[in-house]
Amino acid sequence: ARPSTADEVLSVEPVAAFGFITDSPRSITVKGISEEGVFDAARIGVPNGETIAAVGGKVVLDNVSLSAFDGAVQVASVASTGEVVVAGDSLNLNATDKGIIELTNGGLLQTSNLSTEAGGRVVIRGGKLVIDSGNISASTNDLTGRGVDIEVDELVMRNSSQIKTTSFGSAP
């Protein structure tokens, strides 16, 4: 059975920093629905020009699409005490141990431009990024895009996974 809206839990906070005061920060897991061989990706987006962020311990995005057109998609994982500081459309990770981020089963992190603004930005910070049948994409039309910014100690990609930036038209 599909979960109802009463089962949904999403918090939205205007934060300048995500602080972690425990040695084992809580994980974030978001999964799309899979019933009888039919996969229905969870689609989570924000209004144009805004930022969506998943910041926590281990971050698992399984059959999930996070989208921010003209904005930013940010994912960070820590495995110890520390903080993740939001710096404009980037993230600074200050933690002893960095965590694991998994983008699997058609998972997608995407930005693009739908207006006269430069394309969006995807920012990832952690210890290990595993992309298994997933995609990360930043594209723009006729403008200079802001790209994909990944800082991890280890990157694992398998099963036709992609990280791409695309510029359509005359953008440099």
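Residues numbered from 1 in each chain as written. Predicted model: local features only at pLDDT ≥ 70, side-chain atom pairs only at ≥ 80, totals over all residues. Heavy atoms only, no water.

Novice: Break down the sheet that holds strand β17 (residues 162-168) for me, with residues and values.
Specialist: Taken together, 5 strands build an open sheet; the order of strands is β5-β8-β13-β15-β17 and the sheet is parallel. Single-partner strands in this sheet number two, and they are β5 (42-45) and β17. Mean inter-strand twist for the sheet, computed between neighbouring axes without regard to direction, equals 15 degrees. Here β5 pairs with strand β8 (residues 64-67) via 4 bridges, running parallel. Bridge pairing in β8 links A42 to V64. (Pairing = 2+ DSSP bridges. Helix = DSSP H or I, 4+ residues; strand = E, 2+ residues; numbered from the N terminus. Axes fitted to C-alpha atoms, helices over the stretch in contact; angles between N-to-C directions.)

Novice: Lay out the nonpolar core in plain terms, naming residues and giving numbers.
Specialist: Formed by 17 residues in total, the largest nonpolar core has its most connected members in L61, L66, V73, V75, L109, I124 and I136. Elements represented by at least two residues in this core include exactly β6 (51-56), β7 (59-62), β8, β9 (72-77), β12 (100-104) and β14 (121-132). Filtering out sequence-adjacent residues up to four positions away, V73 remains in contact with I52, L66, S67, A68, L109, Q110, T111, R121, V122 and V123. (Core = buried A, V, L, I, M, F, W, Y, C linked by side-chain atoms within 4.5 Å. Buried < 20%, exposed > 50% of the residue type's maximum accessible area, 1.4 Å probe, protein only. Contact = heavy atoms within 4.5 Å.)

Novice: For the pattern of salt bridges, give the residues involved together with the corresponding values.
Specialist: All told, the structure shown has 7 salt bridges when counted by the stated rule. Among the salt bridges present, the one from R125 reaches E151, with a minimum N-O distance of 3.6 Å. One end of the pair, R125, is in strand β14; the other, E151, is in strand β16 (residues 148-158), with 26 residues separating them in the sequence. If you follow the salt bridges from partner to partner, you end up with R121, R125, D149 and E151 in one network. (Salt bridge = Lys/Arg side-chain N within 4 Å of Asp/Glu carboxyl O.)

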